[in-house]
Amino acid sequence: MAAQPIPADELRAVLEPVREWLAGQAEQPPRSVVGAAVKTSARWLAQQVPGRSVELRIPPHVAVQFIEGPRHTRGTPPNVIETDAATWLRLASGQVTWADAVAEGRVVASGNRADLSGHLPLRPLTR
């Protein structure tokens, strides 16, 4: 059974409780709040760019596959992106650029398809 699509307003709502933390103006919210924001935003991106050629890992919260191309079925996929929750949420909301996060080592990306610069920030979050 396919997952229900995530509406843009739900994406915005789940990220609202982490905004001040991401801006350095508040303490980190509870793990469940951060986890919900990470999972929802990663899954929203996966529904916008369907496929299975790239795997985005944001431990310990979520791993999703997306982007059209050769399908990965076993072992470590050839195109992997890994980052922490705060960096992912800053990328998703446009607080940091893909190039800066990669250059600073906050994102590890391997494979010729592992470049999210064309998909970030997430469009509903930049209105």
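Heads up: the structure comes first, above all this text.
Treat the numbers as computed from the prediction; the structure is a model and nothing was measured.

## Remarks on unusual backbone geometry
Apart from glycine, the bulk of residues carry a negative phi angle, and the bulk of peptide bonds sit in the trans form.
Piece 1. With an omega dihedral of 0°, the bond running from proline 59 to proline 60 counts as a cis peptide bond.
Piece 2. With respect to the secondary-structure elements, proline 60 resides in the loop between strand E1 (54-58) and strand E2 (62-66).
Piece 3. Along the chain, leucine 120 connects to proline 121 via a cis peptide bond; the corresponding omega equals -5°.
Piece 4. As for its placement among the helices and strands, proline 121 is situated in the segment after strand E4 (107-110).
Piece 5. A positive phi angle, near 70°, is found at isoleucine 67, a position not held by glycine.
Piece 6. On the secondary structure map, isoleucine 67 appears in the loop between E2 and strand E3 (80-83).

## A look at the nonpolar core
Piece 1. Grouped together as the largest cluster of nonpolar side chains are 38 residues, with contacts concentrated most on Phe66, Trp88, Leu89 and Leu116.
Piece 2. Those elements that provide at least two residues to this core are helix H1 (8-15), helix H2 (19-22), helix H3 (31-48), E1, E2, helix H4 (85-93) and helix H5 (98-103).
Piece 3. Take this core: its biggest share by element is seven residues, from H3.
Piece 4. Each residue touching leucine 89, except ones within four places of it in the same chain, is listed here: Leu15, Val18, Trp21, Leu22, Val34, Ala37, Val38 and Ser41.

Thresholds, definitions, all that
Residues numbered from 1 in each chain as written. Predicted model: local features only at pLDDT ≥ 70, side-chain atom pairs only at ≥ 80, totals over all residues. Heavy atoms only, no water. Helix = DSSP H or I, 4+ residues; strand = E, 2+ residues; numbered from the N terminus. Core = buried A, V, L, I, M, F, W, Y, C linked by side-chain atoms within 4.5 Å. Buried < 20%, exposed > 50% of the residue type's maximum accessible area, 1.4 Å probe, protein only. Contact = heavy atoms within 4.5 Å.

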